[in-house]
Amino acid sequence: MPEYKGLKIPAKASADEMRQIHIEPVPDDQKVEKAIQYLDEMRKKFRSFVLAMESCVKCGLCAENCHTYLGTRDPNNIPTNRAELIRKIYRRYFTLEGRWFGKLVGAEDLNLDIIEQWYSYFYQCNECRRCAHVCPFGIDTCEVTMIGRQILHWLGIVPKLHANVGAAMERTGNHTGLTKPAIVDTLEFLSEEIKDEFGVDVEFPVDKEGADIMYVPSSADFLLNPYTLMGAGMFFTYIGANWTIPSTITEAGNFGLLFDQQHTMRHNFTRLLHAAQKLGVKKIVWGECGHGWRAWKMYLPGMADLPIRWPITHIHDEVAYYIRTNQLKLDPYKIGRPVTLHDPCNYVRACNLAETMRTVIRACVADFREMYPNKENNFCCGGGSAILFDDPEMYQLRIKFSSKKAEQVRATGVGKDGNGILCAPCSICKAQLYPMVEEHELGVEVKGLIDLVGMALVWK
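What counts and how
Residues numbered from 1 in each chain as written. Predicted model: local features only at pLDDT ≥ 70, side-chain atom pairs only at ≥ 80, totals over all residues. Heavy atoms only, no water. Helix = DSSP H or I, 4+ residues; strand = E, 2+ residues; numbered from the N terminus. Rg over C-alpha atoms; globule rule 2.2 N^0.38 Å. Buried < 20%, exposed > 50% of the residue type's maximum accessible area, 1.4 Å probe, protein only. Contact = heavy atoms within 4.5 Å. Pairing = 2+ DSSP bridges. Axes fitted to C-alpha atoms, helices over the stretch in contact; angles between N-to-C directions. Right-handed = clockwise from strand over helix to strand, strands pointing away. Phe/Tyr/Trp six-rings, centres within 6.5 Å; stacked < 30°, edge-to-face > 60°. Lys NZ or Arg CZ within 6 Å of the ring centre and 35° of its normal. Core = buried A, V, L, I, M, F, W, Y, C linked by side-chain atoms within 4.5 Å. Patch = residues over 30% accessible without salt bridge, like charges linked within 9 Å, V, L, I, M, F, W, Y side chains within 5 Å. Areas by Shrake-Rupley, 256 points an atom, 1.4 Å probe, with all protein chains shown as cover. Salt bridge = Lys/Arg side-chain N within 4 Å of Asp/Glu carboxyl O. Lys, Arg positive; Asp, Glu negative; His and termini not counted. Charge placed at Lys NZ, Arg CZ, Asp CG, Glu CD. Parallel < 35°, antiparallel > 145°, perpendicular 65-115°, else oblique. Left-handed = near helix turned anticlockwise from the far one by under 90°.

**Student:** Whenever I open this one, the overall build of the chain confuses me. Can you help?
**Tutor:** Helix and strand counts for the chain stand at 22 helices and ten strands. For 460 residues, the compact-globule estimate of 2.2 N^0.38 gives 23 Å, and the chain sits close to it at 22 Å. When the backbone C-alpha atoms are referred to their principal axes, the chain occupies close to 75 × 50 × 35 Å. Scored against the burial criterion, the 460 residues of the chain give a buried share of 59%. If you take every contact in the chain between residues at least 6 apart in sequence, the share linking residues at least 24 apart comes to 79%.

Right, dumping it as C-alpha cells:
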C-alpha cells in the first residue's frame, strides 16, 4: 500500500486517469499556491464551511460518536481534529490573528506534507454525518471533508478507485463500464433465474419509450447484488407497472458527491434528466444507494440543467405505499430467519427513510430485531463515501472502521446460529458488509431490503 512519510494513503490516480475526469494535475511546485486559492473560493461560497472553521470549541463530543476514531484510535480521526488539518490553514491565511501571530493561535503555513495529510485523513472519513448529529453547534464536519476532497480533486489528487469509477460513469452511465448489450444479457439471465427460483415470469424492459416509470438501479446489482435487481423486477411486475431501465444510466450511485460537484452534475443531473426526457417517462424511481439518493434528493434543485418535470421517488417509498394501501401481499413467514436492519447513513440522517424502511421490513420478516443505536443515531458500515479500497492496509482500515457496526450486529443475536440476515438497503453498504461479516465472523448473510420484498411476495 502506498505511504507518504508514514501516512496511510489510498493508491492515487495517475495523470492520465485524472485527465479522463477533466482534470490536469497541478505540478508540485504550484500545489500550495493553488490550494490556498481554492480554499479562499470555498470559504467565500459556503457559509457552512466558515461556520465549521470558526465555531468549533473542541468540546470533544464527536470523538466517541465517530466509528473511524473508535476503530483506529487515531487522534486525527476525531472529527474536530480532522477538520483542524484544514482549519489551521484557514486560520493562517484568512484570519487577522492567524496572519499576525501564526502558531501562537494554532495557525500554520500550508506545505506539501499537510496536503498529503489532507489526502490521507479526508479519505478516512466516511462522510456519515454522525458527528454533525451530535454536535451542540450543528457543525457538519462532513462538509469539511467534502470541501477538502474537492480541493484535492482540483489539485489532481484523487484515489485511483474514485477516478476510474468516475471515468466509467462518464463513458457508460454506470460504475462498472457495462455496455447496453451486457446490460440486456444480464437482465435476460436474471429473468431466467427468477423463473427457476420463484416460478414467476418477469421481464426487464430496457429503453422502453413511453413507460410510466424509469427505474435507476445500482450497477452493482448487475454483478454483486442480483437479488436486489430481481426483487425490483418482481415488485414492478406484481403491481403491473409499465416500467423501464435506461441503458444510458444504470447507476443510482453518484461518486461525484464524494470528490467533485461538477461530476455530480454531469452524471445524475445531465445524464439522468436527459434520459427521462428522451424516453418520455412519467416518473423516476431510485434504486438502493444511499449517497446516490442523497445526491439526487438534496442537491438536484440547485444543479439541474433541465426543468424537473418528473416526480422522483425511492423504491423503498414505492413499496411502502403499496404495503400501507394493502395492494402488496407479503408473507413474513416465507423468510424463516432472524433479520436485523442496518440504517444507511444517508437514508436516515439526510433523506428521512428510517420509518419507511421499517414499514417494508416488518411486512417481509416475522423475526425482525432492531440493532441499537438505530435510525438517525446509527453507526456507519465503515465503507461510506466509497472507502472501499482493496490496498492491503487500507482494507484493514475498512475492517477497523466497521468494528462498531460488528458490535451492533453481534448484540442483536441474529447470527448466533449462523442463519441470520443483515439487511443493508444500500449498494455501498453491501459492498462493505460482505467482507466485514466474514472478517468479524458474525454468522449472517447480507441482503438488500428489496431482496426481502422479492422473497416474501405472495403471487396471486
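**Student:** What exactly am I supposed to notice about the side chain of H175 here?
**Tutor:** With respect to the helices and strands, the residue H175 is situated in the loop between α10 (160–172) and α11 (180–198). With residues near it in sequence (within four places) discarded, H175 still touches V165, A168, M169, S219, E251, G253, N254 and F255.

**Student:** How should the sheet that holds strand β9 (residues 420–423) be read in this particular structure?
**Tutor:** Backbone hydrogen bonds hold the strands of a sheet together, and the pairing may be parallel or antiparallel. If you walk across this open sheet you meet the four strands as β8-β7-β9-β10, and the pairing is parallel. In this open sheet, the two edge strands, each paired with only one partner strand, are β8 (368–369) and β10 (444–447). In terms of strand pairing, β9 meets β10 through four bridges, oriented parallel. Paired with C423 across the two strands is K447, which belongs to β10. Seen against the sheet, helix α21 (residues 427–439) touches β9 and β10 and runs at an angle of roughly 170 degrees to β10.

**Student:** Mind showing me how you'd approach the environment of P425 here?
**Tutor:** Along the polypeptide, P425 turns up in the loop between β9 and α21. On the basis of relative accessible area, P425 is assigned to the buried category, the value being 0%. The spatial distance from the C-alpha of P425 to the C-alpha of F259 is 23 Å, given a sequence separation of 166 residues. With sequence-adjacent residues up to four places away left out, P425 is seen in contact with E288, H316, L341, H342, P344, Y347, M357 and L449.

**Student:** Help me understand the sheet that holds strand β4 (residues 243–244), please; the structure alone is not making it clear to me.
**Tutor:** Strand order in this open sheet of four strands is β4-β3-β5-β6, and the pairing throughout is parallel. The sheet is open, and its two edges are formed by β4 and β6 (312–314), each paired on a single side. Two elements, strand β3 (residues 213–216) and strand β5 (residues 283–286), share four bridges in a ladder whose sense is parallel. Bridge pairing links M214 to I284 in β5. The strands touched by helix α12 (residues 226–238) are β3, β4 and β5; relative to β3, the strand with the most contacts, the crossing angle is about 165 degrees. On the sheet, helix α16 (residues 315–324) packs against β3, β5 and β6 and is oriented at approximately 75 degrees with respect to β6.

**Student:** What am I meant to see in the pairing of β9 here?
**Tutor:** On a regular strand, one side chain projects to one face of the sheet and the next to the other, so that they alternate. Residues G420 and L422 line one face of β9 and the alternating positions I421 and C423 line the opposite face, and both faces are buried. Pairing geometry for strand β7 (residues 339–341) and β9, over three bridges, is parallel. Counterpart to L341 in the pairing with β9 is C423. After leaving β9, the chain enters α21 and then returns to the sheet as β10, a path that is right-handed.

**Student:** Would you mind going over the pairing of β5 with me for this structure?
**Tutor:** Across three bridges, the pairing between β5 and β6 is parallel. Residue pairing across strands places V285 opposite T313, the latter belonging to β6.

**Student:** Is there a simple way to think about the packing of aromatic side chains in this case?
**Tutor:** Describing an aromatic ring pair means giving the distance of the ring centres and the angle of the ring planes. Evaluation of the coordinates by the stated rule reveals 16 aromatic pairs. Taking the centre distance of 5.3 Å and the plane angle of 50 degrees together, the rings of F235 and F236 count as tilted. One exposure class covers both F235 and F236, and it is buried. Each residue in the set F204, Y215, F235, F236, W243, Y321 and Y322 is aromatic and connected to the rest through ring pairs, giving one cluster. We note R92 situated over the ring of Y93; from NZ or CZ to the ring centre the distance is 4.8 Å. Of note, R130 hangs over the ring of F379, and the distance from its end group to the ring centre comes to 3.7 Å.

**Student:** How do you make sense of the nonpolar core when you look at a structure like this?
**Tutor:** Ranked by internal contacts, the top residues of the largest apolar core, which has 147 residues, are W118 and I151. Core analysis: the next-biggest nonpolar cluster, separate from the first, contains six residues, C62, A63, C66 and I78 among them.

**Student:** Whenever I open this one, a negative patch on the surface confuses me. Can you help?
**Tutor:** On the surface, D185, E188, E192, D196 and E197 cluster together into a patch of negative charge. Here D185 shows up in helix α11.

**Student:** Help me understand the packing of α12 against α16 in this model?
**Tutor:** Packing of α12 against α16 brings their axes to within 12 Å, and their N-to-C directions diverge by 40 degrees. Considering the angle they form, α12 stands oblique to α16. Here α12 runs over α16; the crossing is left-handed. Note on element contacts: α16 touches α12 through I315, E318, V319 and Y322, opposite A232, F235 and F236.

**Student:** Quick question: what am I supposed to make of the environment of C59 here?
**Tutor:** In this structure, C59 sits in the loop between α3 (47–55) and α4 (67–72). Each C-alpha atom of the pair C59 and C135 lies 9.0 Å from the other, and the pair is 76 residues apart in sequence.

**Student:** Would you take a moment to explain the pattern of salt bridges for this structure?
**Tutor:** A side chain of one charge can pair with a side chain of the opposite charge if their charged atoms are brought near each other. Evaluated as defined, the whole model comprises 31 salt bridges. A salt bridge links K160 to E17; the shortest N-O distance between them is 3.0 Å. Pair noted here: K160 is in helix α10 and E17 is in helix α1 (residues 15–19), with a separation of 143 residues, a long-range link. A relative accessible area of 13% places E17 in the buried class. Residues K282 and D212 are paired through a salt bridge, measuring 3.4 Å at the closest nitrogen-oxygen approach. Note that K282 is positioned in the loop between α14 (261–279) and β5 and D212 in the loop between α11 and β3, a separation of 70 residues in sequence. Of the residues examined, K282 reaches a relative accessible area of 56% and is grouped as exposed. Overall, D212 belongs to the partly exposed group, its relative accessible area being 29%. Linked by salt bridges that have partners in common, K58, E84, R87 and R91 make up one network.

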